[in-house]
Amino acid sequence: MKNTVATFQKMKEQGEKISMLTCYDYSTAKLEEAAGINGILVGDSLGNVMLGLPDTLSVTMEHMITYGSSVARACHDTMVVIDMPFMSYQESIERAVHNAGRLMKEGRANAVKLEGGAAVCPQIKAITACGIPVMAHIGLTPQSINAFGGNKVQGKNEARAKELLEDAKKVQEAGAFALTLECVPKPLASLITKELRIPTIGIGAGDGCDGQILVYQDMLGLFSDYTPKFVKHFASLGGEMQAAFKAYDEAVKNGTFPDDAHAFKMDDSVLERLY
Ligand code: KIV
């Protein structure tokens, strides 16, 4: 059955944990759906793990639509949320609504996600007024990496913790159906989760959140440029893939691939007429 905003809300109310992973392609999305993951985020983290960029700032609407629509084509039961990339919603409410609409129409998203608290509440109100569900995202918001001065845990001091709690309440009031909490101390994320009606989805925010999300290349051990403290490797597929690539390289070079089982036959008489 399709996971929707209503499913997420019901899961919070019933104390059932929500599982989310990122995804950026059709084949992997099919595997995540088959595993029973509740929601897929086509995150702008694709800038890092798919495009090899140092941050998410250069990710475009076209990237999000191309990768997002490939994921959406694989998902029948899994809710698909597509990230609004940097400067696709900050500049004006009109631009935010227009671009959220493109992610729904061209990307075939079930919801969009954008980063920020009080500052983006007018955008959240306007987008949800069009019938587009919005997931908010506060804490360490990677699109503001330059303002933060690096990937730092957010909300450790009283002023910032209060600000995050206020932001969480404001995005809920603006109409967000869920809230991502990234790199927030566990006790603060737990408090925010208790204070909100809508579900919280944590990444580096401890087990008090209503759900969890990880970047799939991180949890499979496929991305080795850096590993944040909150990442757990549920498999080490990077090593296995490299071994398979090496075996293929050797087989091609020593002539054991392709063998006859992986080649096509033709009628000898046809061949003879070619000579
Ligand atoms: O872009 C992304 O993958 C995200 C998650 C880390 C929450 O925003």
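Note that the structure is a prediction, hence the values are computed from the model and not measured. (Residues numbered from 1 in each chain as written. Predicted model: local features only at pLDDT ≥ 70, side-chain atom pairs only at ≥ 80, totals over all residues. Heavy atoms only, no water.)

(A) Spotlight on the pattern of salt bridges. Tallied over the full model, the rule gives 12 salt bridges. Between E62 and R102 there is a salt bridge, and its shortest N-O distance comes to 3.1 Å. Taken together, the residues span a long stretch of sequence, with E62 in helix α4 (residues 61-72) and R102 in helix α5 (residues 93-105) at a distance of 40 residues. Residue classification places E62 among the partly exposed residues on the basis of a relative accessible area of 44%. Salt bridges here are not isolated pairs; linked through shared partners, they connect E62, R102 and E106. (Salt bridge = Lys/Arg side-chain N within 4 Å of Asp/Glu carboxyl O. Helix = DSSP H or I, 4+ residues; strand = E, 2+ residues; numbered from the N terminus. Buried < 20%, exposed > 50% of the residue type's maximum accessible area, 1.4 Å probe, protein only.)

(B) Structural view of the pairing of strand β5 (residues 134-139). β5 sits mainly inside the fold: six of its six residues count as buried. The side-chain alternation of β5 yields two buried faces, one formed by V134, A136 and I138 and the other by M135, H137 and G139. Note: strand β4 (residues 111-115) against β5, four bridges, orientation parallel. Bridge pairing in β5 links K113 to M135. For the handedness criterion, the β-α-β arrangement of β4, helix α6 (residues 121-129) and β5 is classed as right-handed. When β5 meets strand β6 (residues 178-182), the two strands line up parallel, connected through five bridges. Residue pairing across strands places M135 opposite A178, the latter belonging to β6. (Pairing = 2+ DSSP bridges. Right-handed = clockwise from strand over helix to strand, strands pointing away.)

(C) Geometry of the packing of aromatic side chains. Taken as a whole, this structure holds four aromatic pairs when the rule is applied. Plain terms: the ring middles of F8 and F177 are 6.3 Å apart, the flat faces sit at 55° to each other, and that makes the pair tilted. Placement of F8 in helix α1 (residues 5-13) and of F177 in the loop between α8 (158-174) and β6 is noted, with a sequence separation of 169 residues between them. Residue class for F8 comes out buried when judged on its relative accessible area of 0%. Judged by relative accessible area, which is 9%, F177 ranks as buried. (Phe/Tyr/Trp six-rings, centres within 6.5 Å; stacked < 30°, edge-to-face > 60°.)

(D) Quick look at the sheet that holds β4. Spatially, β1-β2-β3-β4-β5-β6-β7-β8 is the arrangement adopted by the eight strands of the closed barrel, whose pairing is parallel. Averaged over all neighbouring strand pairs, the angle between strand axes comes to 25°, with direction disregarded. Of the strand pairs in this sheet, strand β1 (residues 18-22) and strand β2 (residues 39-42) are connected by three bridges, and their pairing is parallel. Pairing of L21 across the sheet is with I40, part of β2. Of the strands in this sheet, β4 and β5 are in contact with α6, which crosses β5 at around 165°. (Axes fitted to C-alpha atoms, helices over the stretch in contact; angles between N-to-C directions. Contact = heavy atoms within 4.5 Å.)

(E) Representation of the site of the ligand in the model. Taken together, T22, L41, G43, D44, S45, D83, K113, H137, T180, E182 and I203 make up the full set of residues adjacent to the ligand. Between the ligand and D44, the relevant distance is 3.0 Å, taken from an oxygen atom to a side-chain nitrogen or oxygen of the residue. Within the complex, 95% of the 250 Å² of free accessible area of the ligand lies under protein. When the residues that make up the shell around the ligand are grouped by side-chain class, the tally is two nonpolar, five polar and four charged. (Near = heavy atom within 4 Å. Polar contact = N/O pair within 3.5 Å; in protein donor to acceptor, adjacent residues only side chain to side chain. Areas by Shrake-Rupley, 256 points an atom, 1.4 Å probe, with all protein chains shown as cover. Nonpolar A, V, L, I, M, F, W, Y, C, P; charged D, E, K, R; others polar.)

Structural measurements only, silent on function.
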